[in-house]
Amino acid sequence: MLRTLRPGHHVLVPDDVFQGTIRILREILPKWQISYSSADMTDVDAVRAAIRQNTRLEWLETLSNPMLKVTDVASISKLAHESGAVAVVDNTFVTPVFQQPLQLGADLVVHASTKYLGGHGDVLGGVVVARESNSTTETIRQTQLLEGSVASSFDCWLVHRGFQTLTCRMRGHAQNALLVATALEKEPLIAAVYYPGLASHPQFELARRQLQGGFGGIVSVRVRGGASVANAVCTNVRVFTHATSFGMTESLIQQQTSSPTHGPGTNVLEDLLRLSIGLEHPDDLVDDLVAALESAYRDFGAGA
Ligand SMILES: *Cc1c(COP(=O)(O)O)cnc(C)c1O
């Protein structure tokens, strides 16, 4: 999609966009004289002010990784169209089961099929979905074909297998995530819980309007005691696996600054843990986290 742009064009991205996306914009696209800037996409006025004359692509990510911000897809897509830009939504976090950006006005949707679409942590892939075929989608197709970013047939088979249980899995992930988020909100060693299904989430009302049937399976938390406690929680857990990625049946935990896509100059909180809530029994997940936290805080939190 970014290859459809020309020298001189500008891309507007959310201020907490996925690190892998920002690194493409920062490290690769400047060589083609394509610039970018970021805005808080939860603030429609901020987006309006950030749009430039040469903005051709507005990149939305909702829910966002890892802060789980909610962007109003309808309003931001409308702004994009008024300025002659294309609105793209990265829908990886909630999948089409809970959010359908094309119906809200977006032009293109992307998913990492590595995550929930595949659903079992055994495939790498990506999907672009377009509202209609036109010259932009034709360019995307040609670029894919000629530059070789084509999935193997076995990888396609794995994603196709994943699709068959996508709806059931997403319901299970979301149900468990809400239970875990609710339990963690009461935990004294947790400083903050980010989950759009909690009434405490700043965009809870928008999330309720825009997401249908669930709020996804990712919960982010800040722990008391700083980075060393966050690190220790990742080593102490026994049900969760300490690993990058998310969206598989098993629960994963990751400290954001240790992510391989975390580059220099990215502003992610050191005490932030991203939890990919799997399909295990939710009591086991809460017990595991609480035990890991208590022992991490005993070992590393006292001085903080
Ligand atoms: C993981 C992720 C991607 C990229 O996925 P990979 O297949 O791991 O390259 C893109 N967007 C979001 C929001 C993600 O979380």
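Quick caveat, the model's predicted, so the values are computed rather than measured.

Once that is clear, we can look at the domain arrangement of the protein. Split into domains, the protein comes out as domain 1 (2-162) and domain 2 (166-301). The interface is formed by 35 residues belonging to domain 1 together with 42 residues belonging to domain 2. Linking domain 1 to domain 2 there are zero salt bridges. Counting every contact that joins domain 1 to domain 2 gives 12 residue pairs in polar contact (both at pLDDT 80 or more). Among the elements of the structure, α1 (19-27), α4 (95-98) and α6 (113-117) are those that each provide at least two residues to the side of domain 1 that touches domain 2. In terms of residue class, the side of domain 1 that touches domain 2 is built from 15 nonpolar, 15 polar and five charged.

If you trace the five strands from one edge of the open sheet to the other, you get β7-β8-β11-β10-β9, paired in mixed fashion. The open sheet has two edge strands, β7 (190-194) and β9 (241-242), and neither has a second partner. Pairing analysis gives five bridges linking strand β8 (residues 218-223) to strand β11 (residues 272-276), with the strands arranged antiparallel. Directly across from S220, in β11, lies its bridge partner R274. Here helix α9 (residues 166-185) sits on the sheet and contacts β7, β8 and β11; the angle it forms with β7, its principal contact strand, is near 150°. Across the face of the sheet, helix α11 (residues 227-236) comes into contact with β8, β9, β10 (252-255) and β11 while running at roughly 155° to β10.

Okay, α11 next. Taken as a whole, α11 has its buried residues at V229, A230, A232, V233 and C234. Those residues of α11 hidden inside the fold are in contact with β8, β9, β10, β11 and α12 (282-301).

Parameters at a glance
Residues numbered from 1 in each chain as written. Predicted model: local features only at pLDDT ≥ 70, side-chain atom pairs only at ≥ 80, totals over all residues. Heavy atoms only, no water. Domains from an automatic or database assignment. Contact = heavy atoms within 4.5 Å. Salt bridge = Lys/Arg side-chain N within 4 Å of Asp/Glu carboxyl O. Polar contact = N/O pair within 3.5 Å; in protein donor to acceptor, adjacent residues only side chain to side chain. Helix = DSSP H or I, 4+ residues; strand = E, 2+ residues; numbered from the N terminus. Nonpolar A, V, L, I, M, F, W, Y, C, P; charged D, E, K, R; others polar. Pairing = 2+ DSSP bridges. Axes fitted to C-alpha atoms, helices over the stretch in contact; angles between N-to-C directions. Buried < 20%, exposed > 50% of the residue type's maximum accessible area, 1.4 Å probe, protein only.

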